[in-house]
Structure formats: structure tokens, C-alpha cells
Amino acid sequence: MMQTELDLFNPASPAEPQWIGKQAVVLPGFALAWVDVLLPELRQIIARAPFRHMLTPGGLNMAVGLTNCGALGWISDRRGYRYSPVDPLSQQPWPALPPAFIELAALAASAAGFADFRPDACLINCYKPGNRLSLHQDRDERDYSQPIVSVSLGLPAVFQFGGHARNESTRRIGLRHGDVMVWGGEDRLRFHGVLPLKPGSHPLLSGRRINLTLRKAG
Ligand code: SIN
Ligand code: FE2
């Protein structure tokens, strides 16, 4: 009881997990204690592999800026979507996955019931106000038994979590700085997206939302 009351006055205190599927969960504030480690690592990654607006196979520039770290990085161009060990901008390997990213992802996955998750890819998305991510499935990875771990940083966003067909209704989930979402198993291939980001200013990331999506891609 006492603990619950104290928690109300501690904004850094993580709230209870929220299950949004049999194998999909939001872990509010799970990454808050990691932010001081994550942000300097992010800065170094972005210095070597800057955010860029990749071309869709249809020839449009994606509104969301993206980059990667890890042995594999998700890319898009005229030839389609796929994972590549090399950053097409620099022709160099992507920056390595920082150990803190791997540990955070493994801990979050295990809190969601997925033991022994070891990511080899981290897609890093940068949203500016107005940017959205249309409904899609994550299906470029080799092994769908491996979950997806998504870490939200900066401005809050509304995440859409749908069904196994694009036209099924979606649930709206508010994701704030430090929240972690994990989905896998029977929920692994659900359609999902992000509604247009509302303008705002975050004390650490100013007018942006950065999302880390950790995966076992290879
Ligand atoms: C994604 O689906 O790749 C990113 C989701 C998010 O930004 O929360
Ligand atoms: Fe996705």
C-alpha cells in the first residue's frame, strides 16, 4: 500500500505492464533508468550513420528519418525492403549494437515471456511533428518466433496496434518517453503504425520522437 502511494509521487517509477495481446505488452517507463546510457550511445551512432529519408520501393521518400545499429540494418530502396550488413550511405558496416541496447531488449523481452532474446538489429526511427508511420507488418526478419522490442524516447506518440489483416480495427496506445513495447508469438505479425506526431518539446530530445526497434533479424 505504502509503496503504491509513494509511486504516485515518483514520475520515474514504472507502472504496471499493460497486456494488449496474449503475447504483446506495454512496459510503461521500463527504459527510464537506461536513458542516461542510451542517449550518448545514440549520439555516437547517429554521428557515424546519420538519419536519412530512405526511398520506398514506389520511389517516395519516407517522412520518418531512419538509421540502424547492429550486425544487420533495415533498409528500403527501389529494390524493396530488406536487411543489409552495410550502411548504403557509407558502404561501411552499421555501428555495433551497444551492450546496453542488448541488455535492455533482453530484459524487456523476458518480462514479456520471451527468454533468451538476443537482438542483432536495431532500427532507429526519428519522427518530427506531423510524421507518421502507416500500418505495416514487420516481416523482413528470418524467424518470427523472435519478438520485437520497441523503445520510445522523446515526444509522446499514439501507436496503432491492429490485427493480422490491414483492414482490421486497431487499438490506440499512448507511448511516452521511456516506455517499452514487446510483441511476439501469436501477436508477432500484427499490423501496427504510428499516428502523426503532435508538436511539442521534450526536455531531452526537443521536438522529436526517437524509437528503437530491436529485432533478431538474421
Ligand atoms: C516500427 O514499427 O518500426 C516503429 C514503431 C514505433 O515507432 O513505435
Ligand atoms: Fe514496425
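Conventions used here
- Residues numbered from 1 in each chain as written.
- Chains lettered and ligands numbered in written order.
- Predicted model: local features only at pLDDT ≥ 70, side-chain atom pairs only at ≥ 80, totals over all residues.
- Heavy atoms only, no water.
- Near = heavy atom within 4 Å.
- Polar contact = N/O pair within 3.5 Å; in protein donor to acceptor, adjacent residues only side chain to side chain.
- Areas by Shrake-Rupley, 256 points an atom, 1.4 Å probe, with all protein chains shown as cover.
- 1 Å grid on protein atoms, 1.4 Å probe; cavity = no way out; pocket = protein on both sides within 12 Å on 5 of 7 lines; lining within 4 Å.
- Sits in = over half its atoms within 2 Å of the grid points.
- Helix = DSSP H or I, 4+ residues; strand = E, 2+ residues; numbered from the N terminus.
- Phe/Tyr/Trp six-rings, centres within 6.5 Å; stacked < 30°, edge-to-face > 60°.
- Lys NZ or Arg CZ within 6 Å of the ring centre and 35° of its normal.

Draft legend 1. Seen up close, the site of ligand 1. Near ligand 1, the surroundings consist of Asn125, Tyr127, Leu133, His136, Phe159, His192, Val194, Arg209, Asn211, Thr213 and Arg215. The side chain of His136 places a nitrogen or oxygen atom 3.1 Å from an oxygen atom of ligand 1. One of the side-chain N or O atoms of Asn211 is found 3.3 Å from an oxygen atom in ligand 1. Look at ligand 1: alone it shows 260 Å² of surface, and the protein chains cover 98% of it. Given that more than half its atoms are within 2 Å of the pocket grid, ligand 1 belongs to the largest pocket. Secondary structure elements with two or more residues in the shell around ligand 1: strand 8 (121–127), strand 9 (133–136), strand 14 (192–194) and strand 15 (209–215).

Draft legend 2. Region of the structure containing the packing of aromatic side chains. Tallying each qualifying case throughout the model produces 4 aromatic pairs. Ring centres of Phe161 and Trp183 lie 6.0 Å apart, and the angle between their planes is 65°; this geometry places the pair in the edge-to-face category. Note that Phe161 is positioned in strand 11 (residues 157–161) and Trp183 in strand 13 (residues 180–183), a separation of 22 residues in sequence. A connected cluster of aromatic rings, assembled from ring pairs, spans Phe159, Phe161 and Trp183. Of note, Arg209 hangs over the ring of Tyr127, and the distance from its end group to the ring centre comes to 5.0 Å.

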